[in-house]
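Descriptive structure summary
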Number of protein chains: 4
Amino acid sequence: MYPIQFDKLKEECGVIGIYGPEIENISQLAYFGLHALQHRGQESAGIAVNKDGKITYYKEMGLVQEVFSDTVIQRLQGDIAIGHVRYSTTGESFVTNAQPLVVHYKGGAIALGHNGNLVNANQIREELEDHGVIFQTSIDSEVIANLIARYNAMPIDEAIQKALSRIRGSYALVITHGQKLIGVRDPNGLRPLCLGKIEGGYVLASESCAFNVLNAEFVRDIDAGEMVIIEENKVRSIRYAEERKALCSFEFVYFARPDSIMDGQSVYLSRRNAGRILAQEYPVEADMVIAVPDSGTVAAIGFAEESKIPFGEGLIKNRYVGRTFIQPDQKMRELSVRLKLNVLKENIKGKRLVLIDDSIVRGTTSRRIVDLLKAAGAKEVHVRVCSPPVKFSCYFGIDTPTRKNLVGAVNSIEEIRQMIGADSLGYLSIEGLMKSIHIDGQGLCNACFSGDYPMEVPKEGNKFLFEKR
Amino acid sequence: MYPIQFDKLKEECGVIGIYGPEIENISQLAYFGLHALQHRGQESAGIAVNKDGKITYYKEMGLVQEVFSDTVIQRLQGDIAIGHVRYSTTGESFVTNAQPLVVHYKGGAIALGHNGNLVNANQIREELEDHGVIFQTSIDSEVIANLIARYNAMPIDEAIQKALSRIRGSYALVITHGQKLIGVRDPNGLRPLCLGKIEGGYVLASESCAFNVLNAEFVRDIDAGEMVIIEENKVRSIRYAEERKALCSFEFVYFARPDSIMDGQSVYLSRRNAGRILAQEYPVEADMVIAVPDSGTVAAIGFAEESKIPFGEGLIKNRYVGRTFIQPDQKMRELSVRLKLNVLKENIKGKRLVLIDDSIVRGTTSRRIVDLLKAAGAKEVHVRVCSPPVKFSCYFGIDTPTRKNLVGAVNSIEEIRQMIGADSLGYLSIEGLMKSIHIDGQGLCNACFSGDYPMEVPKEGNKFLFEKR
Amino acid sequence: MYPIQFDKLKEECGVIGIYGPEIENISQLAYFGLHALQHRGQESAGIAVNKDGKITYYKEMGLVQEVFSDTVIQRLQGDIAIGHVRYSTTGESFVTNAQPLVVHYKGGAIALGHNGNLVNANQIREELEDHGVIFQTSIDSEVIANLIARYNAMPIDEAIQKALSRIRGSYALVITHGQKLIGVRDPNGLRPLCLGKIEGGYVLASESCAFNVLNAEFVRDIDAGEMVIIEENKVRSIRYAEERKALCSFEFVYFARPDSIMDGQSVYLSRRNAGRILAQEYPVEADMVIAVPDSGTVAAIGFAEESKIPFGEGLIKNRYVGRTFIQPDQKMRELSVRLKLNVLKENIKGKRLVLIDDSIVRGTTSRRIVDLLKAAGAKEVHVRVCSPPVKFSCYFGIDTPTRKNLVGAVNSIEEIRQMIGADSLGYLSIEGLMKSIHIDGQGLCNACFSGDYPMEVPKEGNKFLFEKR
Amino acid sequence: MYPIQFDKLKEECGVIGIYGPEIENISQLAYFGLHALQHRGQESAGIAVNKDGKITYYKEMGLVQEVFSDTVIQRLQGDIAIGHVRYSTTGESFVTNAQPLVVHYKGGAIALGHNGNLVNANQIREELEDHGVIFQTSIDSEVIANLIARYNAMPIDEAIQKALSRIRGSYALVITHGQKLIGVRDPNGLRPLCLGKIEGGYVLASESCAFNVLNAEFVRDIDAGEMVIIEENKVRSIRYAEERKALCSFEFVYFARPDSIMDGQSVYLSRRNAGRILAQEYPVEADMVIAVPDSGTVAAIGFAEESKIPFGEGLIKNRYVGRTFIQPDQKMRELSVRLKLNVLKENIKGKRLVLIDDSIVRGTTSRRIVDLLKAAGAKEVHVRVCSPPVKFSCYFGIDTPTRKNLVGAVNSIEEIRQMIGADSLGYLSIEGLMKSIHIDGQGLCNACFSGDYPMEVPKEGNKFLFEKR
C-alpha cells in the first residue's frame, strides 16, 4: 500500500481513555473516540480493556475502522478502556510497536498508551539493560512500564510519579491498572490531553474533538505536570512536577482538528487568527484568496476577512485519496499532486491569487501546486504560509526530516520563492504565530521554527537512535 | 462493512475509456481516471483492456484503490481500456453485477461500461427471453450486449446503432471491440460523457475532472444522440438520433465534482450561482453563512457573496469517515451524524446562522444537524437548500427512495421546517436552479423536482422490477 | 499460491444436488457434501439454492472450507441446493468460470452444475453465436443453459432433453429450476452420478462417498442416458438416450475416493484387484511392497496379498502439504517431492522393494522417488504401475498433457524404466485394468490407454479451443 | 475458523535452527524445515534471522504456508535462522504468544524458540517480578530470556547455563545471538532435539524428519543436559547438567512423524513394535486388522504381522479436513467424525475386525468409530490401543485434559469397553510400550500412564497457572 503523501509533518500518536464501570460496550466508545482521533495516526490502532484488573486487548496495523470489527469489539469487555492510534516514524513498521502496551508485573496487569517522545529513553534503556532488563519493542512506553514496575512496592500512583521523575521529553499518557484510569501530561505539556465527562464516567483524549462523538462534556485540559487518577467515578489530581507550559505550536498549525480546543484556545480560531495576522504581515494586491485544501482553508478565510480580498476555491481535493495498491512509477510520480488536487480553471483564470498553505516542509508539493495554478491561467500566485519556516528538528513526537531536507533551514525566503515559482512568498512570523494562538504568545513550544527547545535535546541524528540500532 | 451514510441521493455509475496503442500501461491510466470518478460509485470497480480484439478484465467489490493492485494492473495489458465504478441500488450487491461487462459473440469479444438506466430494459429482456436468451446479471449492459450481438452480421458501429434504436432511457456508454473505442450518449444526454486528448490517444470520461489527473486536454462533450468511434487514433462522429438535450440537473446539485465541466457549464460556478440566486429568493438577516460540508460549501460561498453575510465554518467533517466494521446499535445510531460532523461551537455560539445544504431527501440528517447547532449555542438556524424539494422518483440512473419516503413529496415546506427544527427554510426554485446551470435554463432534466420527465416512464414501483424479481 | 504438485492427471469437477423442502439448512448439507467431493476439484467452489424458483448463490476461488463461512451459508436459504467444485484446466482461472452457473431465462431462474466436457461445445457455440447469442464464460454449462433456454416453450424436462440431444461428450449434470432438482448422466455414463436418500429428501452426487457424511442411504447410480427429476419428494426417471456405458476407468485408477462405489463397483476393491492382477502380470522377487502414498496404497496391499511379499511403508507423506506462498526457485524445485514425501530409511535399507504407483503421466516424480529410495539404501526398486501407460489425450473432462508430454506415448517401457531408474518396470495391462473394475471388463472407457474413444473426438490440440481463443 | 478435531493429545511446539553464513536464502530453508515440523503445532509460526547480531523476524497465527509469503521470506535475510511452530493450550490464542521471542538486552539482540514447559516458571516469574521485571507474554521463553539478561556480564554461553540452572521442566531450545546458533536440551531430554549437517552449515530440529527436506545429514541427537554452540561453522558441546534421560514416550505413540528417529530409535519401527507386542498381549480371533488412520496404521501393520490376521483398510480419511468456517450446530456435531472418516463397507461387511488406535484420551471419537463400523456391517469390533490408558496430566509440554476428563483415569477397562461399544478392548501395557521403543525400556518418561514423573510437579490444576491468571 503506497500512501499518497503531501509535504506535511506527521504527528505520531493519539490516545483515548474511558472510565465507566456502568457503561455497556465501553470498547465501542473507545472505538468511536479513536475514530475521531484518526488524523493523529493512521498506521496502527489498538484498544485495551480492564475488567477488575484483568486486561484484554487487540491491536493491528491499519485504520481504526479496518482494525476493529464487531466481533473484536464484543470480545473487549471491561470497565475501563484505553485506546491508541499511531503513525510510525520508522521506515518499516510492525504490529509489535503498536500500542497500547499491555504488560504483567508484580502489581498486576497494566496497559499504557503514549503520545510523545522521550529524549532520554535510550539512556534509561541502557541503565535498565545494565540491570538485566529485556526490551521487546522500540517504543518508549516499554521504558515507562519498566520504570513503573521497578517501584512495584509503592502504590501505583506513587510508582508512576517515581517513573515520571526519571523521564524527560514529551508525553501524554493514558494508563489503566486495577480499578483506575490514569492520565498524565508532561511538565511542559508539549502534547495535549484533556478531560471530559460522560454519563456514568469520564473520558481522557488527546483532543476535545473526540468528546463530541461520545456526547461527552469538556471538563478541562490536564495541566502540564499533572496526573489525574479516575477511580470510583471520581477524578483526583496530583501535581507531580512544576508546570513549565510549552504546548507544541504545530498542533495549531496543522496536526489538531480545527474543532478541538487546546489549553483554552480553539484550533479553528487560532488558524483564522493566523490568516489575519499573515494578511497584516504580508499584504498583497490580489483578486482572490484560495487555500491548499483542507489544512489551509481556515487561515485563508481569515486572510480574506482581513485583506478584504474575496475568498474563493481554486483547488478541489479528491475525497477518496488515501493509500493505493498502485506504485506510481518514476514518470507517474508527479501524478501524486494531481491525484489529490484539481484546479478550478474557470474560477481562477486570469486572476491574481493569494495561495494560503499551513506550512512548507520540503517544498516539493508547493512547486507543483503553483505550476498547476499557472498552467490553468492564474495571472499571479502569491504564496502565504501560516507558519514560520521549519528550520529545526523536533524531538518531542513529530517526525521532521533531517535539517538538510528542511527547505526553510537551508534556503533564504527568496530562494524558496524561486524554487516554488511563486510571484511573492510570505511566512507568518514566529511572533505572529504565537499571538495567533495565545493573546500573550506564552506557554508554547516553537522550537521547530526557532531552535529554542524547552529542554536539552540530543544532537542531530540521534533522535531515533534506538529504533535504528 | 457498514457505510456511514448521509441523506443523499446516489449516483449509480461512472465510466472511463482510454484509446492509446502507443501508451504504455494503459490500465494504469484507466486506474487513475477511475480514481478521479470514485465519487460516482463506491461499491465496485472494474477495468477491461483490449489487445488486438482480445479482452482481459478484472472487477471486484470495493473502492478503486482497494480493487486494483500493481500485480493486477500489470496483467491488464492492451491498446484500449475501459473502466467503470458502480454504486448498486439493490440491497444486496454481488460482483456479478460489477462492470465492465465482457462477453464473446459472433463478432468477437466486446466490453461495455454503462452509466444510466434503461426504462424499457424489462420489456426488451422479455422479448429477448422469448427468443431463448439467458441473462446472468441484472444490469442493463447485458441487454445492450445481447442487442448488439443480434446484429452481428453488420459492422460493429451499425450493430450498436441498431441496438440503440431499441433502448430508451439514460445511457452514457463506453465500449471496446476490435480496434475501436466507442462512446455513446443517449438522445437526451441525461448522463454526461466527454472527450479528451492525451499524448498518443484519446480519453472518454463521465466527467472532465478525470482529464486533469491524466494530463488530458478537454476536447468537447459528446452530444446527446451522438456516437464517437475512436480508431487509428482518429475520432469519428455519428449522430444516431436527434438531440433532445435533458442533462440531469442533479449532476450540478450534488453528484458531479465541482471541478468538472458539463455541457459547457462549470459545476463549481453553477453551484455558486445557485447560492447567489437562493440568497435572492430567500433572503434572511443573519450573522454567518455556513455549509453542510462538503457538498454545500460552494453554494454557501455564493450565498455569502450575494447576501453580504460573511461565510464561515460551523461544521467540521471527519475526513476518515467511510465504511466501518462496527454496526452502530439502536442507541448509537444517532451517532452517525456525530461520527461525521462536529460543530465549531466557538465560531457559532450566539450567532444567527444560514445553513446551506445542497438538497434534502428524507430529512433525517437535517434535523440532527440543526439540533447539533442549536445545542452548541446557535441563536437561529435558517436552512437554505440549493435545489427544489425532491418530489419524484428518477428513472434515469439515480437511486431515489419511493415517494412516500421523499420528505418533499409528502410535506409542505412549513411542515418540513418544523420537522427539521429550523427557524426558517427556503428551497431554491426550479427556475432558479435551471438558471444557475444555464443562463437560458434549457436542456436540463428536472423531473425529480417537477415530475416533468423527458420521456415516458414506468409507473411508480416498477423502477427496478428486474432486479427484484 | 503455488501448488505443490505431483505427476497426476486432474479431475475437473464434482457436483452435488440436494432436494429437501423440509430440511433446515440445506446449504449446510450441500457444504458438507461438497467437502466430501473436494478431491474432485480444489480451485473453486459454489452453492446455489432454490426457494420457490428464486435462486441465490455464492461461488469463489478456493477450497470449500475457504469459500464458505457461517454467514454465507446462513444467507443461502432454500428448498433445493446444488453445489460444485472445480479444478480448472486453463493456466489462469477466474471466478467467472466457477460453477454453478445461474441464469434467468424465459422459464425463470435456473442453476446448473456440470462435471465433464463437451466435444462439440465450440461447434454449438458458433451456431448459437450465429443466432446472436453472447457468452460470458468459457464453461460448457453456458452452452447447455443456452440450449435449454432455446426450448423455453416446452416444459423444463423436455427442454433439457432437447438440449441434450444436441450435445456430445461427457456430462454429469445437476440442475435446479422451479420446484425441481434434476440429475443427468450422459449416454456413455463417462462421468459418475448417483442417487441417495436422506430424511426429508434426496441427494445427487458425483460419488457415493458424499452420502456418508450426510447420513444418506445409497439408492443407485444414475444410468448412462438417464435423467432423474426429483419433485414433490418423488424421483421420476426418463431415459432420454440409449445407454452405451463407458464409465471413465481412470476414476477407479486415481480420481475417485476409495470409499465410493461407482456403477456397482467399489473403488477400493477395484484398486486391490488391480494390485493383485498386477502381481500376476508382473511378478518379481522382492522383500517388501511399498506404495507411493496415498493413491498407491490400496493396490500395494493387493499386490502384497497376491505376491505374498509383505506390505510395508517406505514413504511417509507430509499431511500438511498443500499450496504455498513460497515459490520454489530453480535450485529448490527438486524439493517438491521431498516436501511431500520422506523415505523411511530404517524400513527399506538393504531391501528389494516393489514400489506401487497408480499411474505415471510425465514420469518426473517417479524418477525422484526411485532416487530417494536408492539413496536411502534400497537394494532394488521394482516399479509396478496399477494402470497401463497413458498414451492418449482425454476429451471427456480430464486434464491430460499433450501427447508429446505423455511419457507413455513416446517411449517404450524399457526407455521409461531407464528414465526413472527402476530395476524393473511393469504396467498393468488394459485387460487387467478392465477386469479389476468389472468382472467382465465391459462398460468402461479406456481411451487414454487405448485410443479407443467411445465417440468421435476433435483432433489433438483443439481440446480446449474455446478456452484459449 | 472451527477446527475439526479428534480425540488426541496435542503437542505444543516444534523448533528449527539453521546456521549458514554462506547459505543464500536461509529463511527459505527455515520455512521448509518448519513445514516438515508442522504436525507439532498448527496455530502460529515464526522465523527470526540473525545478521551480524541484528535480528529481524516475522510471526503470525496460521499454518507455516499461510504465514509466510515470498515477500516476507525475502525480507528475512541473515546468516542464522531459527523457527518455531506452536499449538496453544489456552482457549484464546494471540499472536503475542507466537514464537520465536525476540528481545533486546544489554548483550544485544537475542531470539529464542522453545518446545516444552517449565514447571517452575510461575515461581521464577514471581521472583523476577519482585525485582521489577515486566512480562508481555505468557510463554516460558520470556522467563528464560529474562534470566539470560540477568547474567549479561557473562559470555552468552555462560549466561545461558546460569539461566538453565534456575529452570526446571522440559525444554528443547534454539537460540541465536551474535554469531551463534545455540541448541539446548533439558537434563531429562523430555523433548527431542537433534543435529544435522548441511552444505555450508548446520541444522537443529525437533525431529529428524525436517532434515530430509533440507537435504541435511543426520549427525546425532542432542544429549539430555547438553548445550551445543554453533559458531564459525563448528559445533562445540557443553554438558551443563547430568543426564537423567526421560524422553517423552508419547512422542513415539502419537506426536512424532513416523519418519523421524529419536534418541536412536525409529518412530516407525517403535510403532510397528507396539503393534506386534499388542498382538501378543491381547490376541484375538478376527478376520482383518484395520487402523484408525493415519496414526494407527503403522501399529496395525505390526499387529497384522504378529497375529497373522490380514491387514486391510476399513476407514478412509478425507484428506482435505482441516479448519472450517462453518460451525457444526448441535445436531451436526456428530458429523465431525463423518467429515473426517468414512467406512469402507464392502471391505468390512460381516467381518470380525481388530481396530487399532494409537491412544484413547476422552473416548468420544472411539465410540463414534465403533458405531460407524457396526452400522456398516462389521460383525465384531475388537479395539486394541497401542498405548496404555492415559491417567495422569502432563506437565512437560503436552496438553492433557484434567484427570476427570481422562477416560482412562476414572474408568476400568471394562467400563471403557462398554462406553465405546467394542466387543473387546485391550491396551498396550506400560512395559510393552517401553519395550517397543527401547529394547531395554529405559530412558523414557511414561508419567501420563504411570504417574511416575521424572521430577516434582505442581499439584493438579496449577499446570497453566500463569496463562490463566
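The rules behind each value
Residues numbered from 1 in each chain as written. Chains lettered and ligands numbered in written order. Predicted model: local features only at pLDDT ≥ 70, side-chain atom pairs only at ≥ 80, totals over all residues. Heavy atoms only, no water. Helix = DSSP H or I, 4+ residues; strand = E, 2+ residues; numbered from the N terminus. Buried < 20%, exposed > 50% of the residue type's maximum accessible area, 1.4 Å probe, protein only. Contact = heavy atoms within 4.5 Å. Areas by Shrake-Rupley, 256 points an atom, 1.4 Å probe, with all protein chains shown as cover. Lys, Arg positive; Asp, Glu negative; His and termini not counted. Charge placed at Lys NZ, Arg CZ, Asp CG, Glu CD. Domains from an automatic or database assignment. Buried area = accessible area lost by both parts, 1.4 Å probe. Salt bridge = Lys/Arg side-chain N within 4 Å of Asp/Glu carboxyl O. Polar contact = N/O pair within 3.5 Å; in protein donor to acceptor, adjacent residues only side chain to side chain. Nonpolar A, V, L, I, M, F, W, Y, C, P; charged D, E, K, R; others polar. Pairing = 2+ DSSP bridges. Least-squares fit on C-alpha atoms with pLDDT ≥ 70 in both. UniProt positions renumbered as here; feature names shortened; annotations may be inferred. Axes fitted to C-alpha atoms, helices over the stretch in contact; angles between N-to-C directions. Core = buried A, V, L, I, M, F, W, Y, C linked by side-chain atoms within 4.5 Å.

Here we come to the overall build of chain A. A count of helices and strands for chain A gives 18 helices and 27 strands. Overall size of chain A, expressed as C-alpha extent along the three principal axes, is 70 × 45 × 45 Å. Looking at chain A as a whole, 65% of its 469 residues are labelled buried. Excluding contacts between residues fewer than 6 apart, the proportion of contacts in chain A whose partners are at least 24 apart in sequence is 70%. As presented, chain A carries roughly 15900 Å² of accessible surface, and 47% of it is formed by carbon and sulfur atoms. Within chain A, the 58 negative side-chain charges are centred at a point lying 4 Å from the centre of the 55 positive side-chain charges.

So, on to the domain arrangement of chain A. All names here are of chain A. Looking at chain A, the domain boundaries give domain 1 (13-246) and domain 2 (266-444). Its C-alpha centre places domain 1 at a distance of 34 Å from the equivalent point of domain 2. Summed over both sides, the interface between domain 1 and domain 2 buries roughly 810 Å², with carbon and sulfur atoms accounting for 54% of that surface. Where domain 1 packs against domain 2, one counts zero salt bridges. Summed over the shared surface of domain 1 and domain 2, the result is four residue pairs in polar contact (both at pLDDT 80 or more). Of all the secondary-structure elements, those providing two or more residues to the side of domain 1 that touches domain 2 are β8 (108-118) and β9 (169-177). Among the residues making up the side of domain 1 that touches domain 2, the classes are represented as five nonpolar, five polar and three charged.

Residues and elements named next belong to chain A. Among the structural elements, Ser-237 can be located in strand β15 (residues 234-239). Residue Ser-237 is classed as partly exposed on the basis of its relative accessible area of 44%. C-alpha separation for the pair Ser-237 and Arg-257, spaced 20 residues apart in sequence, amounts to 27 Å. Excluding residues within four positions of it along the chain, Ser-237 makes contact with Arg-220, Glu-226, Met-227 and Val-228.

Opposite the 29 residues of chain C that make contact, chain B presents 30 residues. Of the roughly 2500 Å² buried at the junction of chain C and chain B (both faces included), carbon and sulfur atoms supply 44%. Of all residues in chain C, His-104, Ile-134 and Gln-136 of chain C give up the largest surface area on contact with chain B, accounting jointly for 26% of the area buried on that side. One can count two salt bridges joining chain C with chain B. Taken together, the connections running from chain C to chain B amount to eight residue pairs in polar contact (both at pLDDT 80 or more). Put simply, the parts of the chain that give the side of chain C that touches chain B at least two residues each are β5 (54-61), β7 (101-105), α4 (121-130) and α5 (140-150) of chain C. Here the residues of the side of chain C that touches chain B are counted per class, giving eleven nonpolar, eight polar and ten charged.

This part covers the arrangement of the chains. Note that chain A does not reach chain C: the shortest distance linking a C-alpha of one to a C-alpha of the other is 13 Å. One finds no contact linking chain B with chain D; the least C-alpha distance across the pair is 13 Å.

Residues and elements named next belong to chain B. By the criterion of burial, strand β11 (residues 194-198) is predominantly enclosed, with four of the five residues buried. One ladder, built from five bridges, connects β11 with strand β12 (residues 201-205); its direction is antiparallel. Following the sheet pairing, Gly-196 is matched in β12 by Val-203. Taking the residues between adjacent antiparallel strands as the criterion, β11 and β12 are bridged by two residues, where Gly-200 takes a positive phi near 85°. Here β11 runs beside strand β13 (residues 217-221); their pairing, made up of four bridges, is antiparallel. The residue bridging Gly-196 from the neighbouring strand is Phe-218, located in β13.

Superposing chain C onto chain B takes a rotation of 179° combined with a translation of 0.1 Å along the rotation axis, leaving an RMSD of 0.1 Å. Here the two chains are linked by the operation of a two-fold rotation axis. When each C-alpha of chain C is compared by its distance to the rotation axis, Val-133 of chain C comes out closest, at 3.5 Å. The share of interface residues of chain C whose copies in chain B are also at the interface is 100%, consistent with both copies meeting through the same surface.

Now for the UniProt feature "active site" (unreviewed entry) in chain A. Residue and element names in this part refer to chain A. Following the UniProt record, the feature "active site" (unreviewed entry) maps to Cys-13 here. For Cys-13, the position within the fold is in strand β3 (residues 13-19). By relative accessible area, which is 4% here, Cys-13 ends up buried. Leaving out residues up to four positions away in the same chain, Cys-13 has contacts with Arg-40, His-84, Val-85, Arg-86, His-114 and Asn-115.

Turning our eyes to something else, we now look at the sheet that holds strand β24 (residues 380-385) of chain C. Residues and elements named next belong to chain C. As summarised here, the arrangement of the four strands in space is β19-β23-β24-β26, forming an open sheet in which the pairing is parallel. Pairing within the sheet leaves two strands with one partner each, and these edge strands are β19 (288-291) and β26 (424-427). Strand-to-strand twist across the sheet, computed as the mean angle between neighbouring axes with direction ignored, equals 25°. Taken together, the four bridges between β24 and β26 define a ladder with parallel strand orientation. Following the sheet pairing, Val-385 is matched in β26 by Tyr-427.

As a further point, take the interface of chain B and chain A. On the side of chain A, 59 residues touch chain B, which itself brings 59 residues to the contact. Counting every contact that joins chain B to chain A gives two salt bridges. Between Asp-294 of chain B and Arg-319 of chain A there is a salt bridge whose closest N-O contact spans 2.8 Å. Where chain B touches chain A, the interface holds 24 residue pairs in polar contact (both at pLDDT 80 or more). Take the side of chain B that touches chain A: its biggest share by element is six residues, from helix α1 (residues 26-36) of chain B. Of the residues that constitute the side of chain B that touches chain A, the class distribution is 27 nonpolar, 19 polar and 13 charged.

Glancing now at the sheet that holds strand β8 (residues 108-118) of chain B. Backbone hydrogen bonds hold the strands of a sheet together, and the pairing may be parallel or antiparallel. All names here are of chain B. Read from one edge of the open sheet, six strands run β7-β8-β9-β10-β14-β15, paired in antiparallel fashion. If you trace the sheet from one side to the other, it starts and ends with β7 (101-105) and β15 (234-239), each paired once. Shown here is a sheet whose adjacent strand axes are inclined to one another by a mean of 20°, direction ignored. In the sheet, strand β14 (residues 226-231) pairs with β15 via six bridges, with the strands oriented antiparallel. Residue pairing across strands places Ile-230 opposite Val-235, the latter belonging to β15. Of the strands in this sheet, β7, β8 and β9 (169-177) are in contact with helix α5 (residues 140-150), which crosses β8 at around 130°.

Among the structural elements, Gly-62 of chain B can be located in the loop between β5 (54-61) and α2 (64-67). Placed 356 residues apart in sequence, Gly-62 of chain B and Gln-418 of chain B show a C-alpha to C-alpha distance of 39 Å.

Let us look at the nonpolar core. Ranked by size, the top nonpolar core spans 106 residues in total, and within it Phe-250 of chain C together with Phe-250 of chain D carry the most contacts. Residues contacting Phe-250 of chain D, with those up to four places away along its chain left out, are Leu-9, Phe-255, Ser-359, Val-390, Cys-448 and Phe-449 of chain D.

Each copy of the sequence occupies a distinct position, and chain B is placed on chain A by a rotation of 180° and an axial shift of 0.1 Å, giving an RMSD of 0.1 Å. In this assembly, 100% of the residues forming the interface of chain B have copies in chain A that are likewise at the interface, indicating an isologous arrangement.

Asp-294 of chain A follows Pro-293 of chain A through a cis peptide bond whose omega is -10°. Along the chain, Gln-99 of chain B connects to Pro-100 of chain B via a cis peptide bond; the corresponding omega equals 0°. Topologically, Pro-100 of chain B is positioned in the loop between β6 (80-86) and β7. Of note in the backbone geometry, Asn-215 of chain A takes a positive phi value of approximately 60° without being a glycine. Locating Asn-215 of chain A in the fold gives a position in the loop between α7 (209-213) and β13 (217-221).

Moving on, we come to the pattern of salt bridges. This structure, assessed with the given rule, holds 96 salt bridges over all chains. A salt bridge links Arg-257 of chain C to Asp-259 of chain C; its shortest N-O distance comes to 2.7 Å. An identical accessibility class is assigned to Arg-257 of chain C and Asp-259 of chain C; each is buried. Asp-287 of chain D is paired through a salt bridge with Arg-352 of chain D; the nearest N and O atoms lie 2.9 Å apart. Of this pair, Asp-287 of chain D sits in the loop between α9 (267-281) and β19 (288-291) while Arg-352 of chain D sits in strand β23 (residues 352-357), and the two are 65 residues apart along the sequence.

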